[in-house]
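Observations on the three-dimensional arrangement
Each chain, letter by letter, is given below.
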Amino acid sequence: MFHLFFVAAILCQHVQAADILVVALTYGSSWMSVAKIAEVLASRGHVVTVLAHASQKNDLMRKWPTLQYETFGDPDKPPLMKEVYKTMIPKLAFSSSGALDLMTLWNASGSALLDLNEETLSDKQLLTKLKNSHYDVVLTYEVTSCGPIVAQYLDLPLVCTMRSLPGGNDIRATGVPNPLAYVPTMSSGLSDHMTFPQRVTNVLVYFTFAMGQLIFDKSYDHLASRTIGHNFTISAALAKTDVWLYQSDLMFDFPKPMMPNMVSIAGHMAEDVKPLSEVCL
């Protein structure tokens, strides 16, 4: 409970500066979302440090100069994840790949992501430095990073930002009710007004995604156990999240139960509207 009040105070405007560690994949749309939050926190006087691969530091400093950076890995050897993203985005956006091609693509992405997180958690010197830096809170994008494990290792409050996922890992972590008869699973194409056959379909879709997510999480359990010990799992680390920042709202999703520590921040990526110029008029 203390962690919850502490994190709430940090997210408020008028509070003493805090040292915030950002542990997130610094590629793709997930990083853009986290970077936006990090920039706002930095503009309010907080010290925001991003954990990033050494090969990215110069590029990140040029684009986000208000943030600080703690690096790991070989600066001359970019992680495989960078190359995967270069090929994955065009294929998903502009090609009509079949189901087998997409499965191969997602498998390659998951493998590269696991390698990057393993490189992070295998750096004992980095973990010791983070431990001695006395950060106040960890901010992470739950889906793509080892942020929950790092937060547990450092014994710090954890703030997760994410978009709802069909795998339901956030649902299991929070224990929030999820009545599948009324709440359509993401990507199911269903609404909150379902016939009985549609409700059955919704249940089957949810458990299919949930089983896939559990299989995916298993590959991270050995990282959590090796870093924290005592057969610790990624699900256990995620369950200790203090605040959830959901990139969603009733304008985007159907109504569903929420816990007190769940906050909707939909639209946080939107820029301020600028008036039309005389040329446009």
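Residues numbered from 1 in each chain as written. Predicted model: local features only at pLDDT ≥ 70, side-chain atom pairs only at ≥ 80, totals over all residues. Heavy atoms only, no water.

**Section: the side chain of Asp217**
We apply this condition: In DSSP terms, a helix is any run of H or I states spanning at least four residues, a strand is any run of E spanning at least two, and both are numbered starting from the N terminus. A simple rule labels every residue: compare its accessible area, found with a 1.4 Å probe on the protein chains alone, to the largest value its type can have, and call it buried under 20%, exposed over 50%, or partly exposed in between. In this count, Lys and Arg are taken as positive residues and Asp and Glu as negative ones, while His and the chain termini are left out. One speaks of a salt bridge when a side-chain nitrogen belonging to Lys or Arg is within 4 Å of a carboxyl oxygen belonging to Asp or Glu. Any two residues having at least one pair of non-hydrogen atoms within 4.5 Å are treated as being in contact.
Looking at the secondary structure, you find Asp217 in helix α9 (residues 196–228). Nearest to the buried, unbridged Asp217 among oppositely charged side chains is Arg172, at 4.3 Å. Once you skip the residues sitting within four places of it in the chain, Asp217 turns out to touch Arg172, Ile234 and Ser235.

**Some thoughts on the pattern of salt bridges**
A full pass over the atoms with the stated rule returns four salt bridges. The residue Asp59 makes a salt bridge to Lys63 at a minimum N-O spacing of 3.6 Å. You can see Asp59 and its partner Lys63 sitting in helix α3 (residues 57–63), four residues apart, about one turn around the helix. Exposure remark for Asp59: the relative accessible area of 33% places this residue in the partly exposed category.

**Thoughts on a nonpolar patch on the surface**
What counts, and what does not: The patch calculation keeps residues exceeding 30% relative accessible area without a salt bridge and links them within 9 Å when they carry like charges or within 5 Å when they are nonpolar (Val, Leu, Ile, Met, Phe, Trp, Tyr). Calculation of accessible area relied on Shrake-Rupley with a 1.4 Å probe; when residues are assessed, cover is drawn exclusively from the protein chains displayed.
A surface patch of nonpolar side chains, about 330 Å² in accessible area, is lined by Phe196, Val200 and Leu204. One can find Leu204 in helix α9.

**A short note on the pairing of strand β1 (residues 19–23)**
Condition: Only strands that DSSP links by at least two bridges are regarded as paired with each other. Orient the strands so they point away from the viewer; a crossover is then right-handed if the path from the first strand over the helix to the second runs clockwise.
With four of five residues buried, β1 lies mostly within the body of the structure. Relative to strand β2 (residues 47–53), β1 runs parallel, the two sharing five bridges. Within the sheet, the bridge partner assigned to Leu21 lies in β2 and is Thr49. For the segment spanning β1, helix α2 (residues 28–43) and β2, crossover handedness is right-handed.

**Some points on the packing of helix α6 (residues 124–132) against helix α7 (residues 147–154)**
Worth spelling out the cut-off: Between N-to-C directions, angles span 0 to 180 degrees; the directions come from axes that are lines fitted to C-alpha atoms, helices contributing only their stretch in contact. To sort the angles, those under 35 degrees are grouped as roughly parallel, those over 145 as roughly antiparallel, those from 65 to 115 as roughly perpendicular, and the leftovers as oblique. Each crossing is labelled by how the near helix is turned from the far one, with a counterclockwise turn of less than a right angle marking it left-handed and a clockwise turn marking it right-handed. Residues are sorted three ways: Asp, Glu, Lys and Arg are charged, Ala, Val, Leu, Ile, Met, Phe, Trp, Tyr, Cys and Pro are nonpolar, and all the rest, Gly among them, are polar.
Two elements in contact, α6 and α7, have axes separated by 10 Å at closest approach and are oriented at 60 degrees. Our classification of the angle between α6 and α7 gives oblique. Crossing hand, α6 versus α7: right-handed. From α6, Leu127, Leu130 and Lys131 reach across to α7, where they touch Val150, Tyr153 and Leu154. Broken down by class, the residue content of the contact of α6 with α7 amounts to five nonpolar, no polar and one charged.

By themselves, these figures tell us nothing about what the structure is for.
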